[in-house]
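# Fold and contact review
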Amino acid sequence: MGEPAPDRRPGDRDHSPWNWLLIVPIVLPLITTFYNSSSPDLLGFPRFYWQQLAYILVGVSTTTLVYRMTKRRSSGPRIPASRSSREG
Amino acid sequence: MWRDHLTEIIVFAVLFVGVSALGFVAAKWRRPDTMEHLDEWGLGGRNFGSWITWFLVGGDLYTAYTFVAVPALVFGAGAMGFFAVPYTVIIYPLFFLVLVRLWSVSHRHGLVTPADFVRTRFGSPTLALLVAITGIVATMPYIALQLVGIEAVLKTMGVTGESTVARHAPIIIAFAILAAYTYQSGLRAPALIAFVKDTLIYIVILVAVFWLPSQLGGWGAIFDAAQAKYDASPAASDGLLLNANNQLQYITLAFGSALALFLYPHSVTGVLASRNRDVIKRNMSALPAYSLLLGLLAMLGFAAIAAGVKPLPGANPGSVDTNTIVPVLFDKQFPDWFAGVAFAAIGIGALVPAAIMSIAAANLFTRNIYKEYLNREASPAQEAKVSKVASLVVKVGALLCIVLLDPQFSIDLQLIGGVIILQTLPSVALGLFTRWFHKGALIAGWAAGMGLGMWMLYQIANPATGRMHFAGSAFPLEKFGFDTKATIYVGFVAVLVNLVVAALATLVLRAGKVTDGPDGTVHDDYFVDEDSPRRGTDSEGEPVAVA
């Protein structure tokens, strides 16, 4: 362990408008009226089943997108943050 | 008769023994300087990269019981059983937003369990103790369910007997081996075994999904057969689609289960073992590959209907064990040697989560009961030692759940487990975002949610099986005085009440100027990454930098 926290960067770095996109895969699978029917079917699977499997792909694409857009740069200025910035 | 299944048994046994050997070797894997530290034994050195984390967390969240019970539910009820798919879609964005914060604060403060976090955040040993006990109690039956998964496979291979001892002997042996290598290797054992487990499971599922329809006339014919079965059944709640009365149950069960999942101590263990935030975030977009697997497996419940599978008899005369649906389907449709591989996949699939769960429960005991109340000066080596022993005790407890109680009862316990672990949501999950709640209010909310949840579960009867209480998690809304036949997931209602009570009590306690505990964390703690040094905590719970 070295000096006390020399490399702490400012907080709030998790806040990004991109995070709102994650609401989509959270809410979409919960709206049963969107998929609770048997037609159209796909390769013999009723809509209820293939559409919910398709939501997995929606989840993967949104989390991948949000991850890429909010990824931290590995280098950059490091500003020591105040110790007293307690969360209320 | 087991003699008819000799090939399956040999393949199963060879794979099982091979994997166990791997479990013992795991102690030397990624060469720790010492295993005499809880970070090494209980969190694999907190240094797992993307691939290991993927296998570990995947092997942790998708258990043998999931692979056996979800298709069984679909076999019996149809659409309702498919709730597991939306549930496993929702969890990853939730994990993405919440667990990275938990990782950061745990990294900064050297936290090992969710109760450790609550202790630091709210400065209340009592609240932390409640969270720890809730976690241990909820995890035990979950471990027991892994045994239900192995037992379904053994039963299908004819490895069973009349007496209690004969019926459970193979499981006791399997669990003794598991206990031994977990004791020695800690979290490294399930992490290493997960590679084998998942490779086997992926092979089996892909073969099943393509091979079985070709044998049964295609997916169209399979769904037609299922439709015919549900049309003929007298039950009102089954069918290929949801009906007006079970949609709310479907939504709340999927959402409530997702919230419960990341509160389970074993999910936290898997996440805290990763090297940095990026590993977690990247995994949240890669892990849904398992959800696809789960969805395809769920639909094998329909394939079992089309193949005319009959579940094997249950423990009591006249009952059936629907958990045997998938094993019987494999036994019937696959060549013997491949059925053996499939059974090994399910059996080994039980070992990985059982190991992680027992480690997580043991860590809770060590950190939040032993260190907090029994030996405040415990050294890291003593902590590791206590955790090792506690992991054995937890496994024996889970084993007793299965051997002494009716396995059906273990399933009921797990149902209760989901409802009770949800009651830690305000302190653990919301605590990661806000310090607004008062520690006393969180305790009050926990008690209210727990009480209501237990009362609701007690009210649920199932006339079909003759059970009067704890017969499911679908609470009829008419019992609250609503004029409807719709049902709702108990855990969802209980956690809502918990939140309302916690919020109201916070307002009251703040108005009365009742002392709150000190917050041992600062704003920045929730964002730090691996390059940040760890801090300690002084005697007042105030954060200090580690020099």
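Preceding block: the structure.
What you are looking at is a predicted structure, and each value in this text was computed from that prediction instead of being measured. (Residues numbered from 1 in each chain as written. Chains lettered and ligands numbered in written order. Predicted model: local features only at pLDDT ≥ 70, side-chain atom pairs only at ≥ 80, totals over all residues. Heavy atoms only, no water.)

Now for the overall build of chain A. Helix and strand content of chain A: 2 helices and 0 strands. Sorting the 88 residues of chain A into buried and exposed places 34% on the buried side. Taking as baseline every contact in chain A between residues at least 6 positions apart, the subset at least 24 positions apart corresponds to 60%. Accessible area for chain A stands at about 5300 Å²; split by element, carbon and sulfur atoms hold 63% of it. (Helix = DSSP H or I, 4+ residues; strand = E, 2+ residues; numbered from the N terminus. Buried < 20%, exposed > 50% of the residue type's maximum accessible area, 1.4 Å probe, protein only. Contact = heavy atoms within 4.5 Å. Areas by Shrake-Rupley, 256 points an atom, 1.4 Å probe, with all protein chains shown as cover.)

On to empty space enclosed by the protein. Residues and elements named next belong to chain B. Counted according to the given criterion, the structure contains 4 cavities of 30 Å³ or more. In this structure, the largest cavity encloses a volume near 70 Å³. Of all the secondary structure elements, the ones that give two or more residues to the lining of the largest cavity are helix 9 (188–216), helix 16 (325–333) and helix 17 (336–374). Of the residues contributing to the lining of the largest cavity, the split by class is 10 nonpolar, no polar and no charged. (1 Å grid on protein atoms, 1.4 Å probe; cavity = no way out; pocket = protein on both sides within 12 Å on 5 of 7 lines; lining within 4 Å. Points joined across faces, edges and corners; volume = space filled by probe spheres on them. Nonpolar A, V, L, I, M, F, W, Y, C, P; charged D, E, K, R; others polar.)

This part covers the side chain of Thr113 of chain B. Residue and element names in this part refer to chain B. Note that Thr113 resides in the loop between helix 5 (84–109) and helix 6 (114–122). Within polar-contact distance, the side chain of Thr113 engages the side chain of Asn368 at 2.9 Å. Those residues within four positions of Thr113 in sequence are excluded, and the remaining contacts are Asn363, Leu364, Arg367 and Asn368. (Polar contact = N/O pair within 3.5 Å; in protein donor to acceptor, adjacent residues only side chain to side chain.)

All names here are of chain B. All told, the structure shown has 15 salt bridges over all chains when counted by the stated rule. For Glu383, the salt bridge goes to Arg367, with nearest N and O atoms at 3.3 Å. Residue Glu383 is found in helix 18 (residues 380–404), and its partner Arg367 is found in helix 17; the two are separated by 16 residues along the sequence. Just as Glu383 is buried, Arg367 falls in that class too. Of the charged contacts, one joins Lys371 and Glu383 as a salt bridge, the two residues approaching to 3.1 Å between their closest N and O atoms. Placement of Lys371 in helix 17 and of Glu383 in helix 18 is noted, with a sequence separation of 12 residues between them. The network of salt bridges with common partners includes Asp116, Arg367, Lys371 and Glu383. (Salt bridge = Lys/Arg side-chain N within 4 Å of Asp/Glu carboxyl O.)

The next thing to look at is unusual backbone geometry. For the bond from Ser39 of chain A to Pro40 of chain A, the omega torsion is -5 degrees, close enough to zero to count as cis. Phi at Leu43 of chain A takes a positive value of approximately 50 degrees, unusual for a residue other than glycine. Mapping Leu43 of chain A onto the fold places it in the loop between helix 1 (23–27) and helix 2 (47–70). Within the chain, Arg46 of chain B stands out as a residue other than glycine whose phi angle is a positive 50 degrees. Structurally, Arg46 of chain B can be placed in the loop between helix 2 (38–43) and helix 3 (50–61).

Glancing now at the packing of helix 21 (residues 439–459) of chain B against helix 22 (residues 490–511) of chain B. All names here are of chain B. Viewed as axis vectors pointing N to C, helix 21 and helix 22 meet at an angle of 150 degrees, and their least axial separation amounts to 7 Å. Here helix 22 runs roughly antiparallel to helix 21, going by the angle between their axes. The interaxial crossing formed by helix 21 with helix 22 has right-handed handedness. Each of Gly440, Ala441, Leu442, Ala444, Gly445, Trp446, Ala448, Gly449, Leu452, Gly453, Met456 and Leu457 in helix 21 lies in contact with helix 22, whose residues at this interface are Val490, Val493, Ala494, Val497, Asn498, Val501, Ala502, Ala505, Thr506 and Leu509. Residue classes in the contact of helix 21 with helix 22 are distributed as 16 nonpolar, 6 polar and no charged. (Axes fitted to C-alpha atoms, helices over the stretch in contact; angles between N-to-C directions. Parallel < 35°, antiparallel > 145°, perpendicular 65-115°, else oblique. Left-handed = near helix turned anticlockwise from the far one by under 90°.)

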